[in-house]
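Per-entry structural report
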Amino acid sequence: GFHDTGNAMATSIATKALSPRVAVALSGVLNLVGAFLSLSVAATIASGLVDTHLVTLTVVFAGLCGGIIWNLATWLLGIPSSSSHALIGGVIGSTLAAAGGHAVLWHTLVSKVIIPAGLSPVIAALVAASGTWLLYRISRSLTAGSRSHGFRIGQIGSASMVSLAHGTNDAQKTMGVITLALIVSGTIPANANAPFWVILTCALAISLGTYLGGWRVIRTLGKGLVEIESPQGMAAESASAAVILLSASFGYSLSTTHVATGSIIGTGLGKKGAEVRWSVAGRMATAWIFTLPSAAVVGAGAYALAHAIGNTAGVVVDLILLLAVATLIYLR
């Protein structure tokens, strides 16, 4: 939530449809609601990525370390990378280090994570470009002031839908990892759904993280890619919400960051005379490419350290290092 606030609210803040604090508070509440609407993505993460018979609690914890550290590093740089893919990459990396490639369910990883990661920003960009062109077309008789005022009101609804969609997809990844931990420890049976306390805890966590706000990412998405007007903002948010909600219904663990970025670029392509800053987009795309493997390397390293020291003591050492790295990045 702390990392991905910009996905839902950057365009509304950029066009002044909502004040920053109101935007993140609204997003936090709707993320909480959205987390209870679907468990398809959580099921994909819990039972569809790794062989639960070959994974231990130490492996899951090391994977979490990998995802968190990569998330914090990209947040420091203000790059909207995928927190979802960082989490998945960390778990895959620690699993590879612990049990080898046969413990990873490659078919599900490719079909429900990697392919959606590649297609989702393109689809979102096409939908947003078409929506932007259409909105400017049907409002061409209005004055600039009237158009801007009307679409700012509309953005409250479209931004709310993005936050709701964000909860149905991104909150599910953490639910899935905690459920995976419960499965491998024998607390719940394989293929079980996330218990209610897991859903509630993750929903509250992503809601609180959203309210705390990721201002660096908001600046990059809201101002760094395209100078956004309110019709573009509404088109981008509507496209993002539609793609994310559709993917959540199929259990696809796509990145809301990829979708939101694709939508914003699409609004630049759909508005005549708008300028897309491709250098910023290229820097973000580079971060996307490196997210899964980089988080996997950190996750594998965290597992190797924990295993070398001894699982219980090693996990404690990993936790101390994680807190130290997180504190240093935050202070920086």
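Coordinates for the structure precede this section.
Anyway, here's the lowdown on the structure attached to this text. Worth saying up front: this structure is predicted, and the values here are computed from it rather than measured.

Scoring rules and cut-offs
- Residues numbered from 1 in each chain as written.
- Predicted model: local features only at pLDDT ≥ 70, side-chain atom pairs only at ≥ 80, totals over all residues.
- Heavy atoms only, no water.
- Salt bridge = Lys/Arg side-chain N within 4 Å of Asp/Glu carboxyl O.
- Helix = DSSP H or I, 4+ residues; strand = E, 2+ residues; numbered from the N terminus.
- Core = buried A, V, L, I, M, F, W, Y, C linked by side-chain atoms within 4.5 Å.
- Buried < 20%, exposed > 50% of the residue type's maximum accessible area, 1.4 Å probe, protein only.
- Expected span 1.5 Å × (residues − 1).
- Bend = angle between axes of the 7 residues up to and from the residue.
- Axes fitted to C-alpha atoms, helices over the stretch in contact; angles between N-to-C directions.
- Parallel < 35°, antiparallel > 145°, perpendicular 65-115°, else oblique.
- Left-handed = near helix turned anticlockwise from the far one by under 90°.
- Contact = heavy atoms within 4.5 Å.
- Nonpolar A, V, L, I, M, F, W, Y, C, P; charged D, E, K, R; others polar.
- Phe/Tyr/Trp six-rings, centres within 6.5 Å; stacked < 30°, edge-to-face > 60°.
- Patch = residues over 30% accessible without salt bridge, like charges linked within 9 Å, V, L, I, M, F, W, Y side chains within 5 Å.
- Areas by Shrake-Rupley, 256 points an atom, 1.4 Å probe, with all protein chains shown as cover.

**Focus on the pattern of salt bridges**
- The full count for this structure, using the stated rule, is one salt bridge.
- Residues Arg 277 and Glu 227 are paired through a salt bridge, measuring 3.2 Å at the closest nitrogen-oxygen approach. Taken together, the residues span a long stretch of sequence, with Arg 277 in the loop between helix H11 (256-270) and helix H12 (278-309) and Glu 227 in the loop between helix H9 (215-224) and helix H10 (230-250) at a distance of 50 residues.

**A look at the nonpolar core**
- Core analysis: the biggest nonpolar cluster contains 22 residues, and Leu 49, Val 50, Val 60, Ile 88, Ile 92 and Leu 109 have the highest contact counts within it.
- At the level of elements, helix H4 (57-77), helix H5 (83-99), helix H6 (106-138), helix H7 (144-184) and H12 are the ones that each hand at least two residues to this core.
- Counting residues in each nonpolar core, the second largest holds 14 residues, with Ala 171, Met 175, Leu 182 and Ile 183 among its members.

**A word on H6**
- Between its terminal C-alpha atoms H6 stretches 46 Å, which fits the 48 Å expected from 33 residues at 1.5 Å a residue.
- The largest bend in H6 is about 45°, located at Pro 116.

**Describing the packing of H7 against helix H8 (residues 196-212)**
- Packing of H7 against H8 brings their axes to within 9 Å, and their N-to-C directions diverge by 130°. Taken as axis vectors, H7 and H8 run oblique relative to one another. Pair H7 / H8 crosses with right-handed handedness. When H7 is examined against H8, the residues His 166, Asp 170, Ala 171, Thr 174, Met 175, Ile 178, Thr 179 and Leu 182 are found in contact with a partner set consisting of Trp 197, Val 198, Ile 199, Cys 202 and Ile 206.
- A breakdown of the residues in the contact of H7 with H8 according to their chemical character gives nine nonpolar, three polar and one charged.

**Here we look at the packing of aromatic side chains**
- For the structure shown, the criterion picks out two aromatic pairs.
- For the ring pair Phe 36 and Phe 196, a centre distance of 6.1 Å and an interplane angle of 45° mean the geometry is tilted. One end of the pair, Phe 36, is in the loop between helix H2 (20-34) and helix H3 (40-47); the other, Phe 196, is in helix H8, with 160 residues separating them in the sequence.
- Take Phe 36: its relative accessible area is 38%, and that puts it in the partly exposed class.

**A look at a nonpolar patch on the surface**
- Among the surface-exposed residues, Val 110, Ile 114, Ile 115, Leu 119, Ile 123 and Val 127 lie close enough to one another that they form a single nonpolar patch of about 480 Å² accessible area.
- Locating Ile 114 in the fold gives a position in helix H6.

**Concerning the side chain of Ser 12**
- With respect to the secondary-structure elements, Ser 12 resides in helix H1 (residues 5-14).
- Note on Ser 12: relative accessible area 0%, which makes it buried.
- If sequence neighbours within four positions are ignored, Ser 12 has contacts with Ala 17, Leu 18, Gln 155, Ala 159 and Glu 237.

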